[in-house]
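Listed below, chain by chain, are the residues.
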There are 2 protein chains.
Amino acid sequence: MRIDDESIFYAFHSELIPVVTVESGAEIQMVTRDCFSNQISTPEDFSGLDWNQVNPATGPVALRGAQPGDILKVEVLGIKIADSGIVCVVPGAGVLGDRIEAAQVRILSVDDRVRFNEKISLPLNKMIGVIGVAPRGEAVPNGVPGDHGGNMDNRVIREGATLYLPVFHEGALFGAGDVHGAMGDGEIGVSGLEVAAELTFRLSVIPGSASTIPPLEHPLLEDDQDFYAIVSGETLDSATKRAVATMADLVQHKTGLSLAESTMLMSLAGHTEIAQVVDPQVTVRYRLPKQAVAEYFTSLF
Amino acid sequence: MRIDDESIFYAFHSELIPVVTVESGAEIQMVTRDCFSNQISTPEDFSGLDWNQVNPATGPVALRGAQPGDILKVEVLGIKIADSGIVCVVPGAGVLGDRIEAAQVRILSVDDRVRFNEKISLPLNKMIGVIGVAPRGEAVPNGVPGDHGGNMDNRVIREGATLYLPVFHEGALFGAGDVHGAMGDGEIGVSGLEVAAELTFRLSVIPGSASTIPPLEHPLLEDDQDFYAIVSGETLDSATKRAVATMADLVQHKTGLSLAESTMLMSLAGHTEIAQVVDPQVTVRYRLPKQAVAEYFTSLF
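Because the structure is predicted, anything quoted here is derived from the model rather than measured.

Basis of the calculations
Residues numbered from 1 in each chain as written. Chains lettered and ligands numbered in written order. Predicted model: local features only at pLDDT ≥ 70, side-chain atom pairs only at ≥ 80, totals over all residues. Heavy atoms only, no water. Helix = DSSP H or I, 4+ residues; strand = E, 2+ residues; numbered from the N terminus. Rg over C-alpha atoms; globule rule 2.2 N^0.38 Å. Buried < 20%, exposed > 50% of the residue type's maximum accessible area, 1.4 Å probe, protein only. Contact = heavy atoms within 4.5 Å. Least-squares fit on C-alpha atoms with pLDDT ≥ 70 in both. Disulfide = S-S within 2.5 Å. Salt bridge = Lys/Arg side-chain N within 4 Å of Asp/Glu carboxyl O. Domains from an automatic or database assignment. Buried area = accessible area lost by both parts, 1.4 Å probe. Polar contact = N/O pair within 3.5 Å; in protein donor to acceptor, adjacent residues only side chain to side chain. Core = buried A, V, L, I, M, F, W, Y, C linked by side-chain atoms within 4.5 Å. Phe/Tyr/Trp six-rings, centres within 6.5 Å; stacked < 30°, edge-to-face > 60°.

Trainee: Describe the overall build of chain A, and please don't skip the residues or the numbers.
Mentor: From N to C terminus, chain A includes three helices and 23 strands. Over its C-alpha trace chain A gives a radius of gyration of 19 Å, about what one expects of a compact globule, namely 19 Å for 301 residues. In terms of overall dimensions, chain A has a C-alpha envelope of 60 × 40 × 35 Å along the principal axes. Within chain A, the proportion of its 301 residues that are buried is 62%. Across chain A, the fraction of contacts at a sequence separation of at least 24, relative to all contacts at a separation of at least 6, is 75%.

Structural data, given as structure tokens:
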């Protein structure tokens, strides 16, 4: 099953019409446009950019049988990216936006590394910026992250990772886009290396009744090394508090340790990390190394 | 030169009397008490804790010739820790303090790992929690981090790291303590594994006039892999902004890249990271991999 990049949307919403409905366990390919909807071929194109066409996501894909209260399991099997990408700064945007006087955009070539200039090349770090499901209430523009996922700009959403999203509406309505060839934690300048891509996922529905974890309020992620709770919010401070609380609930539930013991363990062994600080809500992830709890559990489900 | 743990202080202050005055380039050993001033031998001791004796730092050490505007270079040559440590939770403290109903303390043994319980052992992660110089103005209790360093609880301040601190007063007045055998980023439960230790430093004065970087407003750090700007503040959001700005100024100054280019590079290659979220000010570090700028500079001085 392959979905091309003609099937896109700009806001996660329960009333979107699915492009396709798949069975739980299906493998799908999605072609995704870059965050500028592939409008920029030369730096000059930036000044004529249609800002109504930013952060497209490909999809949505409906999962047959997915019901509110279930969990959507998204295995990121592959990320293929274009051989060039775009990085930009914009006045008023990003951490240093009040010091940026004019928009600037650069197109960088990509091979096994990102070619920044004649002196600098950077390692590839392929990751998915926008990924989510239809949110609980009103439509959420793709640029905004939340409990439904969305524009988390989280660099651990990469090949080999498994993301778990709450299902709020029948079919879940999954979509993804805004892939980056490289991005540092924070995405401080407001863009990563923005690239078109082809993504391969395996999508599965975990019935809420089969869940071995507390009701899913925020995205969770696991990879070979770590478990993550991912929370977006108004401030880093509030998002941090909720990410830590989410993981503390999970640890207690899965291990039987008390809150005090779980807190001690998390204080010694786990890490509060920043995903991004420049979207309309910021995103924090709390990371617990799997090794720390391996005698109790080794996967979330 | 060895300073035992009888020479301690509880607030960084310009009027402290130095224990010793050393030449620039001196190697010193400091014996440090744990953050509870070694008052706890059994969990029961916690209820009788004298809270006026928390976060002692050993010192202070004066550097001959250090003047305001200079930079104190602190090379962390060695961290030896005790064979047991303390971890605790306290109602009202830490990220989950509003859910902690009673103080609990545990004493954990340490060998090549930290022995958490029968099922869990954690890797050692030896780091210095309190390290700094006399601050610009009034005395700052050791529990509070700031531009002078202090209780940064930053897990990258470990063996092999070099910390650079602004000098605000003649002699700098350096001290350190509050060593942890392990601590995750965030220190979410308000304690790491609190241990007594013996620290080895090389302390050097870099004259302000010889500096190749902008005037030092916040601590900087470098190790084999990375450069860091370290900022403490009221909120993670404000500290993040200042840490990013500090690194952006540094990158521009050292590379000659424009602000726009420096921002793009930092957005793609560098990482906004949390040191701790539970002290009276929180601490953020912005990390730039040395590899990203190696064609321009490979060390700060």
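Let us keep going from here.
Trainee: Outline the relation of the copies chain A and chain B, supporting the account with residue identities and numerical values.
Mentor: Between the two copies, chain A and chain B, the superposition gives an RMSD of 0.0 Å; the rotation angle is 180° and the shift along the axis is 0.0 Å. Both copies of the chain, as the preceding transformation shows, are related through a two-fold rotation axis.

Trainee: Can you break down the state of the cysteines residue by residue, with the values?
Mentor: Residues and elements named next belong to chain B. Across all of its chains, the model carries zero disulfides over all chains by this definition. Its sulfur unpaired, C35 is 6.7 Å from the next cysteine sulfur, which belongs to C88. The exposure class assigned to C35 is buried, which follows from its relative accessible area of 8%. Residue classification places C88 among the buried residues on the basis of a relative accessible area of 4%.

Trainee: Mind laying out unusual backbone geometry, listing which residues take part and the relevant values?
Mentor: A:G59 connects to A:P60 through a cis peptide bond whose omega is 5°. Tracing the sequence through the fold places A:P60 in strand 6 (residues 57–63). One non-glycine residue, B:A172, lies in the positive phi region at around 70°. According to the relative accessible area criterion, B:A172 is buried, its value standing at 1%. A positive phi angle, close to 55°, is found at B:D178, a residue other than glycine. Within the secondary structure layout, B:D178 lies in strand 17 (residues 174–180). Classification of B:D178 as buried rests on a relative accessible area of 3%.

Trainee: With reference to specific residues and values, describe the pattern of salt bridges.
Mentor: As enumerated under the stated definition, the model contains 38 salt bridges over all chains in all. In this structure, the salt-bridge partner of B:K241 is A:D98, at a minimum N-O distance of 3.8 Å. Here A:D98 lies in the loop between strand 8 (84–89) and strand 9 (104–109) and B:K241 lies in helix 1 (residues 236–255), a pairing that spans two chains. Classification of A:D98 by relative accessible area gives exposed; the value is 58%. Linking B:R285 and B:E273 is a salt bridge whose minimum nitrogen-to-oxygen distance equals 2.8 Å. Note that B:R285 is positioned in strand 23 (residues 282–289) and B:E273 in strand 22 (residues 271–276), a separation of 12 residues in sequence. A single burial state applies to B:R285 and to B:E273, both of which are buried. Look at the salt bridges and you will find they share partners, linking A:R155, A:D185, A:D226, A:E273, A:R285 and A:R287 into a network.

Trainee: Now, about the domain arrangement of chain A: what can you tell me, with residues and values included?
Mentor: All names here are of chain A. Assigned domains of chain A: these are domain 1 (2–40 + 48–81 + 126–204) and domain 2 (220–293). Averaged C-alpha coordinates put domain 1 and domain 2 at centres separated by 22 Å. Facing 25 residues of domain 1, the contacting portion of domain 2 comprises 18 residues. For the pair domain 1 and domain 2, the summed buried surface comes to about 1700 Å²; carbon and sulfur atoms form 53% of the total. It is P145, V156 and Y164 in domain 1 that bury the most area against domain 2; as a group they hold 27% of the surface buried on that side. On the surface where domain 1 and domain 2 come into contact, there are two salt bridges. There are nine residue pairs in polar contact (both at pLDDT 80 or more) connecting domain 1 and domain 2.

Trainee: Any chance you could break down the nonpolar core for me, citing the residues and the numbers?
Mentor: If you look at the biggest cluster of nonpolar residues, it comprises 176 residues, and the most contacted ones within it are A:F201 and B:F201. With near-sequence residues (within four places) excluded, A:F201 lies in contact with A:A26, A:E27, A:I28, A:M30, A:V74, A:E75, A:V76, A:L77, A:I128, A:I131, A:F174 and A:A176.

Trainee: An account of the environment of B:F174 is requested, with residue identities and associated values reported.
Mentor: Residue and element names in this part refer to chain B. If you trace the backbone, F174 turns up in strand 17. Judged by its relative accessible area of 0%, F174 falls in the buried class. The sequence separation of F174 and V133 amounts to 41 residues, and the corresponding C-alpha distance is 4.5 Å.

Trainee: Tell me about the packing of aromatic side chains, and please be specific about residues and values.
Mentor: Residue and element names in this part refer to chain B. Under the counting rule described, the total for this entry stands at 12 aromatic pairs over all chains. With centroids separated by 5.8 Å and ring planes inclined at 90°, the aromatic side chains of F36 and F46 adopt a geometry described as edge-to-face. With F36 in the loop between strand 5 (26–32) and strand 6 (57–63) and F46 in the loop between strand 5 and strand 6, this pair connects stretches of sequence that are 10 residues apart. A residue is classified by how much of its surface remains accessible, and F46, at 8% relative accessible area, is buried. Look at Y164 and F301: their rings are 4.8 Å apart centre to centre, the planes differ by 50°, and that puts the pair in the tilted class.

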